[in-house]
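Coordinates in review
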Amino acid sequence: MYDLMIYSLKVGVCLAVFYLFFKLLLSRETFHRFNRIVVLGAMVLSFVLPLCVITVYREMPVLPEPPVEEGVVATTVAEPLPEPFPWELLAGAAFLVGAAATLLWTLCSLVGVLRLIRSGRRERLEDKAVLVRTEQAVMPFSWGRYIVMSEKDLAENGDAILLHERAHIKLGHHRYKAVYFLLAGLHWFNPMLWLSWVLLGRDLEVACDEKVLGSACGSPREYSAALLALASQALGWQPSGES
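Residues numbered from 1 in each chain as written. Predicted model: local features only at pLDDT ≥ 70, side-chain atom pairs only at ≥ 80, totals over all residues. Heavy atoms only, no water.

1. A short note on helix α5 (residues 173–186)
Quick note on the threshold: Helix and strand labels come from DSSP, where a helix needs a run of H or I of at least four residues and a strand needs a run of E of at least two; each type is numbered from the N terminus. Given the number of residues in a helix, its expected span is that number minus one, multiplied by 1.5 Å. Exposed residues in this analysis have more than 50% of their type's maximum accessible area, buried residues have under 20%, and partly exposed residues fall in between, with area computed by a 1.4 Å probe over protein chains only.
In a regular helix each residue adds 1.5 Å, so 14 residues correspond to 20 Å; α5 covers 21 Å between its end C-alpha atoms and thus fits that length. Looking at α5, one finds that the buried residues are His 173, Tyr 176, Tyr 180, Leu 183, Ala 184 and Gly 185.

Written as structure tokens, this is what we have:
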């Protein structure tokens, strides 16, 4: 368990170094695909580098043995040492409990998504994506080829939201989420992993918006207004009525 703790500490240091590197040098870059590869690659590399061990062999001089006097027998009586507090056992138990809780939360979220997809009305779109319409008040999201959206959002801003979520599907953003959730289960206690996901998630959203705005579909003004209204709804802010 001590080796696991040292390994986790090394992973945390690597994540902190990579996070600062990206934040200072690459956070303003507009090559979003490159940014995603760098962030995700750095996250994976942070778990691999501590496993690499460089061994250096060198010969040590042989020390002479001390002379032993004849007739003298050294006898020592070892006193029993007190039992140390089992810090390693406690830390290992906390790590396993946290990893199990994170895995359970991920599985529960996945089961909730599957239930939502199965309970909603499914419509196949022309690009092989599947729109799942539900009466529940949920924020629109996509997973795999499925786009889940409430009837209310579909009626108010359906076209813009569909463009946004279909861009997520075309760019394959669910793969990045799957890799992240796997790493988060292994290193749930490291804040640098969560901060790295904030950077990655922000870049995914920007890349998605740029793909939509760069296409010939929809009006940029209507698209931006729809996303702003959706963000305001998520924050619980309701714009005042027109005077």
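2. Some details on the packing of α5 against helix α6 (residues 191–213)
Basically, it comes down to this: Helix axes are fitted only over the stretch in contact, all axes being lines through C-alpha atoms; the angle between N-to-C directions runs from 0 to 180 degrees. Roughly parallel means an angle under 35 degrees; roughly antiparallel means over 145; roughly perpendicular covers 65 to 115; every other angle is labelled oblique. Note on definitions: a residue-residue contact is assigned when non-hydrogen atoms from the two residues lie within 4.5 Å.
Interaxial distance between α5 and α6 falls to 11 Å at its minimum, and their mutual angle equals 175°. It follows that α5 is roughly antiparallel to α6 by the angle criterion. Together, His 173, Tyr 176, Lys 177, Tyr 180, Leu 183 and Ala 184 of α5 and Leu 193, Trp 194, Trp 197, Leu 200, Leu 204 and Cys 208 of α6 make up the contact between the two elements.

3. Section: the sheet that holds strand β3 (residues 141–143)
This is how the line gets drawn: Only strands joined by at least two bridges in the DSSP assignment are considered to pair.
The strand order β1-β2-β4-β3 describes an open sheet built from four strands, whose pairing is mixed. Two strands close off the open sheet at either side, each with one partner strand: β1 (121–124) and β3. Pairwise comparison of adjacent strand axes, ignoring direction, gives a mean angle of 25° for this sheet. Pairing geometry for strand β2 (residues 130–134) and strand β4 (residues 146–150), over five bridges, is parallel. Bridged to Val 132 within β4 is Val 148.

4. Brief notes about the packing of aromatic side chains
Short version of the rule: Each Phe, Tyr or Trp ring (for Trp, its six-membered ring) is paired with any other whose centre lies within 6.5 Å, and the angle between the two planes then decides the class: stacked below 30 degrees, edge-to-face above 60, tilted in between.
For the coordinates displayed, the defined rule picks out two aromatic pairs. Ring geometry for Trp 105 and Phe 181: centres 6.4 Å apart, planes at 65°, overall edge-to-face. Within this pair, whereas Trp 105 is found in helix α3 (residues 87–119), its partner Phe 181 is found in helix α5, the two being separated by 76 residues in sequence. With a centroid separation of 5.7 Å and an interplanar angle of 55°, the aromatic rings of Tyr 180 and Phe 181 are classed as tilted. Taken together, the ring pairs in this structure connect Trp 105, Tyr 180 and Phe 181 into an aromatic cluster.

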